Amino acid sequence: MDFEFSEEQQLLKDSIEGLLGDKYGFEQRKKILESADGWSREIWKQFAELGILGLPFAEEHGGIGGGPVETMIVMETIGKALVLEPYLPTVVLAGGFIRHFGTDAQKNKYLPQIAEGKITGAFAHTERQSRYDLFDVKTTAKASGNGFTLDGAKSVVLNGDQADFIIVTARISGNPRDKDGLGLFIVDAKANGVSRRGYRTVDGLTAAEIQLSGVKVEADAVIGKPGTAYPLIEQIVDDGIAALCGEAVGVFSSLTESTTDYLRTRKQFGVNIGSFQVLQHRNVEMLIAAEQAKSMTFLATMMVNETNAVERRKTMAAAKTQIGRSAQFVGEQAIQLHGGIGMTMELKVGHWFKRATAIDIQFGDADYHLEQFGNMGGFETAAQGKE
Amino acid sequence: MDLNFTKEENAFRDEVRDFFRKNVPADTKKKLIEGRKLDKADIVNWQRILNKKGWAVPNWPKEYGGTGWTAVQKYIFLEELQRAPAPDPLPFGVSMVGPVIAAFGNEQQKKHFLPRIANIDDWWCQGFSEPGAGSDLAGLSTKAVREGDHWIINGQKTWTTLAQYADWIFVLARTDFKAKKQEGISFILCDMKTPGITVRPIQLIDGGKEVNEVFFDNVKVPYENLVGQENRGWDYAKFLLGNERTGIARVGISKERIRRLKELAKLELSGGKPMMEDPRFRAKISQIEVELKALEMTQMRVVAAEGKRRDNKPDPASSILKIKGSEIQQTITDLLMEVVGPFALPFADEDDAGSNELPVGPDYAGPLAPNYFNYRKVSIYGGSNEIQKNIIAKAILGL
Ligand SMILES: Cc1cc2nc3c(=O)[nH]c(=O)nc-3n(C[C@H](O)[C@H](O)[C@H](O)COP(=O)(O)OP(=O)(O)OC[C@H]3O[C@@H](n4cnc5c(N)ncnc54)[C@H](O)[C@@H]3O)c2cc1C
Ligand SMILES: Cc1cc2nc3c(=O)[nH]c(=O)nc-3n(C[C@H](O)[C@H](O)[C@H](O)COP(=O)(O)OP(=O)(O)OC[C@H]3O[C@@H](n4cnc5c(N)ncnc54)[C@H](O)[C@@H]3O)c2cc1C
């Protein structure tokens, strides 16, 4: 049992923090946020140079073979700096499908290009009716020629507006809410029949509504065995949840620390407001909520490679519940304790709060995951009989 | 980073678990599962079983019977003990006065008292709190005045847990009336049979009488019952209070209680179906399970850090364990009461539950409301949760 980072991991952390410290200050980020793309190709190139765009990929695919802990380290830093670049959708989600389940040809085609920063990806899954259920897919994939034709609409696709390739889920057979019958397809964003409407989400990230009308994909663009995609989707979403937990840790610690700093410096009634016990205790409660979230993030990170899917899913559900609860508490209190200035876009605290709010919603909010966790039986089993 | 236990640690866990499975007396275990109070014999009996095994005082220095376990092993031991369930050793001897005597007592005190504590030949109680000195313990006013070879003690202690069974009490008393309040306190051991000591039970809101007032009226105690140096008692008290770090979260107990809760939630009906299938009730159980798992991981982080620390200062992060641990325990007692619905209502007096009276409703209902009331204490004693927040604000946040 050891919670410390190895030397290499510490080095990784230092190098990303160094880069973001130089290039991602509040004003610099503001410029990126206000740019047309909403994120910076320049920064992206530097991520590639650091090696983090190929972090989880094998060396033969241009990666560095990092594990879940390395991803957590990167994501925590992303959370602290509020990075706008599409790391999660490209490296963890779209890249994750190909890395885990792609053919050699697919890996050779996409992974080195991702690692070099040449292309970005997106995962197009959510639909108008699906809410957070991963099996609820109406978009259809009909066999045609030696490939498939896709029809349907996907919503709130992160990086969907600018991705070069999109991993699309679609139903090959069965009813809209069946777990069987799903397929995964790699779609070129410029393919005929793909139309995208890009926009910003509340936290300043970019996303898109994606319409698929008679989009043709060849057999070599299918990931895994057609019709059996559901467990693959679960696994990549679990990777995504663990990564998001890592990001949340960065966001929560930043919210807590910036609030402590503010309490130490803001004067009212002739004293630092940090001398008021009611504010001290609130700040302590923020710290506890942040620490509890961090603890669950460690657990989730360790469970990423768990082969028992039920145990893995259960842990992710529990972790996402804790993250969601902490997000709301820590975020709201940070604003409250900053008073009027917390309400503005002029301080980073409001931006962190908005990202925390989005993190709760993404991949399912706390109430959703709490229910899933209960449906899977929780951690403890009922005692047997009254001995 | 690696959250797995080593092979040796897992083997140790198996050994400990196996020992508890075979050695916790059946009726003691039954009482713990049902949430009924243990009596003196249960606790003494169990302590002697542990002592025979050599596990009575894991935290003590090895020369006085400690096991020399690592922080992780101690954590595993306590977790398994709590989840067995087996009784927590009586803290007043094993975790409080024992380590103080081992660290600051003279040779004779060590030789005489330590083995008797390990075997619970003496039952100890803690004479710290007073009517006027709770959270602000250093404001205590019980006095000890030296007269020749003796101390003459006058004053009053209160909330003294299980003093009705006690053979000895360790007392904080003021011995220098001019010094700053922390600097005039001494740590003195008193035989409870000494003339002038009176014990009066206090009934708590659960109906039970686990705490007492202890009055000292010209109590004459040999001078050599002083521990360490005169007027240094506050240092020893701080040492004592900072000592009980692992296990403060009581994760093992909460796990065991959740298993019990789920068992009862399958038996009790709501809307014609088991409570366990009621989505609202199940969500409450799930929520507490998630928080408990997070606490367990937080505790492991503190334990892992403790293994690496060189100083013996309390880790302020253990205040987080105390706060969350007590909140979780309290919520679970609330859910256990909720699960039996109206059958939580009988009886007014805890002593009647299942003993003097025939049970009303299911036989497991009786102790559940008293436990709920009783567990309000866990956020008050051992440094109240507000005091813990003050500690964190100062020591971690620097406010
Ligand atoms: C949307 C918006 C619109 C507004 N419109 C107007 C307007 O039209 N005209 C106008 O004049 N003002 C306006 N205000 C200002 C508003 O009245 C102030 O924000 C408010 O008085 C709080 O002051 P502050 O922001 O300086 O926070 P601070 O006073 O610095 O407080 C910061 C934190 O410390 C807490 N705190 C402060 N003192 C104590 C204490 N003694 N004990 C415990 N906690 C304490 C506060 O509750 C808060 O959580 C507006 C504010 C907002 C957010
Ligand atoms: C069941 C039980 C068993 C006990 N057993 C023993 C025992 O065996 N031996 C022994 O010596 N003592 C024992 N105690 C006493 C226990 O340690 C005290 O109750 C505790 O220290 C709190 O003191 P108090 O009850 O006087 O409350 P107070 O200190 O008067 O506190 C009242 C309230 O004010 C809050 N408060 C106090 N100071 C502050 C502050 N600075 N900032 C913010 N809030 C504050 C407290 O958190 C609490 O909510 C026991 C108590 C209980 C309930």
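Calculation rules
- Residues numbered from 1 in each chain as written.
- Chains lettered and ligands numbered in written order.
- Predicted model: local features only at pLDDT ≥ 70, side-chain atom pairs only at ≥ 80, totals over all residues.
- Heavy atoms only, no water.
- Domains from an automatic or database assignment.
- Contact = heavy atoms within 4.5 Å.
- Buried area = accessible area lost by both parts, 1.4 Å probe.
- Salt bridge = Lys/Arg side-chain N within 4 Å of Asp/Glu carboxyl O.
- Helix = DSSP H or I, 4+ residues; strand = E, 2+ residues; numbered from the N terminus.
- Nonpolar A, V, L, I, M, F, W, Y, C, P; charged D, E, K, R; others polar.
- Near = heavy atom within 4 Å.
- Polar contact = N/O pair within 3.5 Å; in protein donor to acceptor, adjacent residues only side chain to side chain.
- Areas by Shrake-Rupley, 256 points an atom, 1.4 Å probe, with all protein chains shown as cover.
- Core = buried A, V, L, I, M, F, W, Y, C linked by side-chain atoms within 4.5 Å.
- Buried < 20%, exposed > 50% of the residue type's maximum accessible area, 1.4 Å probe, protein only.

A. Up close: the domain arrangement of chain A. Residues and elements named next belong to chain A. Its domain assignment divides chain A into domain 1 (7–119), domain 2 (122–228) and domain 3 (231–375). With 24 residues of domain 1 in contact, the opposing surface of domain 2 contributes 20 residues. Roughly 1,700 Å² of surface becomes buried between domain 1 and domain 2 when both sides are summed, with 64% attributable to carbon and sulfur atoms. When the area that domain 1 buries against domain 2 is broken down by residue, the three leading residues are P89, F97 and Q106, summing to 30%. Linking domain 1 with domain 2 are 0 salt bridges, by the criterion used here. When residues of the side of domain 1 that touches domain 2 are assigned to their parent elements, the largest contribution, 8 residues, is made by helix α5 (residues 87–101). Classifying every residue of the side of domain 1 that touches domain 2 gives 16 nonpolar, 4 polar and 4 charged.

B. Main features of the domain arrangement of chain B. On domain assignment, one finds that chain B holds domain 1 (7–89), domain 2 (124–232) and domain 3 (245–395). Here the C-alpha centroids of domain 1 of chain B and domain 2 of chain B sit 30 Å apart.

C. Seen up close, the site of ligand 2. Around ligand 2 sit 19 residues, and of these B:S135, B:W159, B:T161, B:S384 and B:E386 come closest. Site remark: ligand 2 is flanked by residues from chains A and B. Note that a nitrogen atom of ligand 2 is positioned 2.9 Å from one of the backbone N or O atoms of B:Q126. Contact with the protein chains covers 68% of the free accessible surface of ligand 2, which is 970 Å². Counting residues per element, the shell around ligand 2 draws most heavily on helix α12 (residues 385–395) of chain B, which supplies 3 residues. Taken together, the residues that form the shell around ligand 2 break down as 7 nonpolar, 9 polar and 3 charged. Built from parts of two domains, the shell around ligand 2 gets at least three residues from each of domain 2 (124–232) and domain 3 (245–395) of chain B.

D. Up close: the pattern of salt bridges. This structure, assessed with the given rule, holds 51 salt bridges over all chains. Each member of the salt-bridge network shares a partner with another, and the members are A:K13, A:E17, A:E76 and A:K80.

E. The interface of chain B and chain A, seen in detail. Each partner contributes to the interface: chain B provides 49 residues, whereas chain A provides 47 residues. Taken together, both faces of the contact between chain B and chain A bury some 4,400 Å²; the carbon and sulfur share is 64%. The largest share of the area that chain B buries against chain A comes from B:M1, B:R301 and B:L399, three residues that together contribute 19% of it. Note that A:E291 and B:R301 form a salt bridge whose closest N and O atoms lie 2.5 Å from each other. Between the two partners, chain B and chain A, sit 22 residue pairs in polar contact (both at pLDDT 80 or more). Every element with two or more residues in the side of chain B that touches chain A is listed here: α2 (26–34), α4 (71–83), α8 (251–267), α9 (279–308), α10 (317–339) and α12 of chain B.

F. Here's a closer look at the nonpolar core. Core analysis: the biggest nonpolar cluster contains 146 residues, and A:Y87, A:I167 and A:F252 have the highest contact counts within it. Among the elements that take part in this core, helix α7 (residues 230–265) of chain A stands out by supplying 16 residues, more than any other. Apart from the residues lying within four places of it in its own chain, the contact partners of A:I167 are A:A94, A:F97, A:I98, A:A122, A:F123, A:A124, A:L184, A:F185, A:I186 and A:I223. Formed by 55 residues, the second largest nonpolar core is a distinct cluster that contains B:F92, B:I101, B:F128 and B:A237.

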